Amino acid sequence: MTADRRSHPRIAMVSRTGRGQTGSVNIIMENARRFVAAGWDVTLVAQRLDPRDLRRRGIGGQRIRESWWPWARPQRERFRERAEGWVADQDFDLVVAHGELQTQDVVHIHNCVH
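Residues numbered from 1 in each chain as written. Predicted model: local features only at pLDDT ≥ 70, side-chain atom pairs only at ≥ 80, totals over all residues. Heavy atoms only, no water.

J.: Is there a simple way to explain the environment of Ser24 in this structure?
T.: In this fold, Ser24 is placed in helix H1 (residues 23–37). With relative accessibility at 25%, the residue Ser24 sits in the partly exposed group. Each C-alpha atom of the pair Ser24 and Ile109 lies 9.3 Å from the other, and the pair is 85 residues apart in sequence. (Helix = DSSP H or I, 4+ residues; strand = E, 2+ residues; numbered from the N terminus. Buried < 20%, exposed > 50% of the residue type's maximum accessible area, 1.4 Å probe, protein only.)

J.: Whenever I open this one, the nonpolar core confuses me. Can you help?
T.: In terms of nonpolar packing, the biggest core is built from 14 residues, with Ile11, Met13, Met29, Val42, Leu44, Leu54 and Ile59 touching the most fellow members. Where this core is concerned, the elements lending two or more residues are strand E1 (10–14), H1, strand E2 (41–46) and strand E4 (94–97). Among the elements that line this core, the one with the most residues is H1, at 4 residues. With 11 residues, the next largest nonpolar core counts Val14, Phe79, Trp86 and Leu101 among its residues. (Core = buried A, V, L, I, M, F, W, Y, C linked by side-chain atoms within 4.5 Å.)

J.: Explanation requested: the pattern of salt bridges in the structure shown.
T.: Opposite charge on two side chains allows them to pair when their charged atoms are near. Under the counting rule described, the total for this entry stands at 4 salt bridges. For Glu30, the salt bridge is made with Arg33, and the minimal N-O distance between the two is 2.6 Å. Remark: Arg33 and Glu30 occur in helix H1; sequence separation between them is 3 residues, near one turn of the helix. Close ionic contact of Glu30 with Arg34 constitutes a salt bridge, the shortest N to O distance being 2.6 Å. Of this pair, Glu30 and Arg34 both sit in helix H1, separated by 4 residues, roughly a single helical turn. We classify Glu30 as partly exposed; its relative accessible area is 29%. Among the residues examined, Arg34 registers a relative accessible area of 52% and is labelled exposed. (Salt bridge = Lys/Arg side-chain N within 4 Å of Asp/Glu carboxyl O.)

J.: So what exactly am I meant to see when it comes to the pairing of E1 here?
T.: Side chains on a regular strand alternate between the two faces of the sheet. Burial analysis of E1 places 5 of its 5 residues in the buried class, which makes it a mostly covered element. Alternating residues of E1 divide into Arg10, Ala12 and Val14 and Ile11 and Met13, and every residue in both groups is buried. For E1 and E2, the ladder comprises 5 bridges, and the chain directions are parallel. Within E2, the position partnered with Ala12 by the bridge is Thr43. Here E1 pairs with E4 via 4 bridges, running parallel. Residue pairing across strands places Ile11 opposite Leu94, the latter belonging to E4. (Pairing = 2+ DSSP bridges.)

J.: Any chance you could explain the side chain of Arg10 here in plain terms?
T.: Note on placement: Arg10 falls in strand E1. No salt bridge is formed by the buried Arg10; its nearest oppositely charged neighbour, Asp41, is found at 5.5 Å. (Lys, Arg positive; Asp, Glu negative; His and termini not counted.)

Right, here's the structure in full:
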């Protein structure tokens, strides 16, 4: 389904961490707030997120679980595989990631150096 056949375009914002007071989370929440204000349906895809806080902000959420077994592949790699699989099964008009995916429409790379 394309955006013109829905009432609002859909965006997925992907980051392993979707809660807390880190620079990444602050950027994600500010971008999400602006997309919601512009009429987009926003879904945050993360391992760690606060569903109540997201609902209060008008943002959807999808938790991607990682394996905590010590013999499993590294957590970032497993998150990437699961997140890319879930996002591919959806019909998002725009996918924004923060370095966790190998396929996205926009990638945010940001560093905070003191």
